[in-house]
Each structure stands twice: as C-alpha cells, then as structure tokens.
Amino acid sequence: MLRRFFSYYRPYRGLFVLDFTCAIFVAVLELGFPLAVNMVVDQLLPSKDWELIVWACLGLLALYAINAGMNYVRRHGGFQCARRGQCRRHARRTGVCQREL
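**Observations concerning the overall build of the protein chain**
And then number 1: What the protein chain contains, in helices and strands, is three helices and zero strands.
And then number 2: Taken from N to C terminus, the helices and strands of the protein chain fall in the order α-α-α.
And then number 3: Evaluated residue by residue, the protein chain yields a buried proportion of 21% over its 101 residues.
And then number 4: Across the protein chain, every contact between residues at least 6 apart in sequence was considered, and the portion connecting residues at least 24 apart equals 83%.
And then number 5: Within the structure as shown, the protein chain displays about 8000 Å² of accessible surface, and the carbon and sulfur contribution to it stands at 67%.

See the structure below:
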C-alpha cells in the first residue's frame, strides 16, 4: 500500500528532497544563530579584538544570507509542491477510480 502511495510522488522526488533539506537547514540555522550572536556579544566584545569581531559579524551576516536564501527556496519550492500536490491527488483519485472499474 505504501509503495503504491509513494509511486505517485516519484516524479516530484527531487523537489521534495530540496524542500525538506532546506527546511532542516533553516531550522538548524534558526536555532544556531542566536547562540552565535550570544557568543559574539558575551565573549568577543569584551575582549576588544576588533579584527575577530568584524570577521565574526561578517560570518553572522553570511549565515543570515544563507538562511534567507534557503527560506526563499522553501517558499518557492513549497508553492511548487502545493501546486503539484493537486496533481498527485488527482493521479491518486483517477488511479483508484480506474482500479474500481
């Protein structure tokens, strides 16, 4: 039964993997970003090592840009998945109706 169910998702496997991978990375980045900011504020700022502070802030900016990019991919891919989800539901329904005939 599951094999038949997942056969309808086979054409969209790449999109699903991309969307799911981005979702995992976004979740990890959203959990890790406040920890990184906390480290910069609590450890680097009191040390007054300005070169290291600048590099750490650039790293935080890069993490934020990566997070924004992954969110864009998720939203765009999620829209595609939702639109294609209608096609998968239609394929399942027509497949069930054809087997019943």
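Having put the structure on the table, let's press on.
**Description of the nonpolar core**
And then number 1: Listed in full, the five residues of the largest apolar core are Val40, Leu44, Ile53, Ala56 and Leu60.
And then number 2: It is helix α3 (residues 50-100) that contributes the most residues to this core, three residues altogether.
And then number 3: Ignoring any residue separated from it by four or fewer positions in sequence, one finds isoleucine 53 in contact with Leu44, Leu45 and Lys48.

**Remarks on the confidence of the model for the protein chain**
And then number 1: In the predicted model, the protein chain carries a mean pLDDT of 76, and the fraction of residues at 70 or more is 70%.
And then number 2: Of all helices and strands in the protein chain, the one with the weakest mean pLDDT is helix α1 (residues 2-7) (70), whereas helix α2 (residues 13-47) scores best (84).

**What to know about unusual backbone geometry**
And then number 1: A positive phi is found at lysine 48, a non-glycine position, where the angle reads about 60°.
And then number 2: The class for lysine 48 is exposed, based on a relative accessible area of 59%.

**A look at α2**
And then number 1: The end-to-end C-alpha separation of α2 is 49 Å, in line with the 51 Å expected for 35 residues at 1.5 Å each.
And then number 2: A maximum bend of about 30° is found in α2 at valine 40.
And then number 3: Among all positions of α2, only Leu15, Asp19, Cys22, Val26, Leu29, Val40 and Leu44 are buried.
And then number 4: Just downstream of α2, lysine 48 is the residue with a positive phi angle, here 60°.

**Thoughts on the side chain of asparagine 67**
And then number 1: Note on placement: asparagine 67 falls in helix α3.
And then number 2: Classification of asparagine 67 as buried rests on a relative accessible area of 12%.
And then number 3: Not counting residues up to four positions away in its chain, the partners in contact with asparagine 67 are Val26, Leu29 and Glu30.

**Topic: the side chain of asparagine 71**
And then number 1: Relative to the helices and strands, asparagine 71 resides in helix α3.
And then number 2: Each residue touching asparagine 71, except ones within four places of it in the same chain, is listed here: Val26 and Glu30.

Rules used in this analysis
Residues numbered from 1 in each chain as written. Predicted model: local features only at pLDDT ≥ 70, side-chain atom pairs only at ≥ 80, totals over all residues. Heavy atoms only, no water. Helix = DSSP H or I, 4+ residues; strand = E, 2+ residues; numbered from the N terminus. Buried < 20%, exposed > 50% of the residue type's maximum accessible area, 1.4 Å probe, protein only. Contact = heavy atoms within 4.5 Å. Areas by Shrake-Rupley, 256 points an atom, 1.4 Å probe, with all protein chains shown as cover. Core = buried A, V, L, I, M, F, W, Y, C linked by side-chain atoms within 4.5 Å. pLDDT = per-residue confidence, 0-100. Expected span 1.5 Å × (residues − 1). Bend = angle between axes of the 7 residues up to and from the residue.

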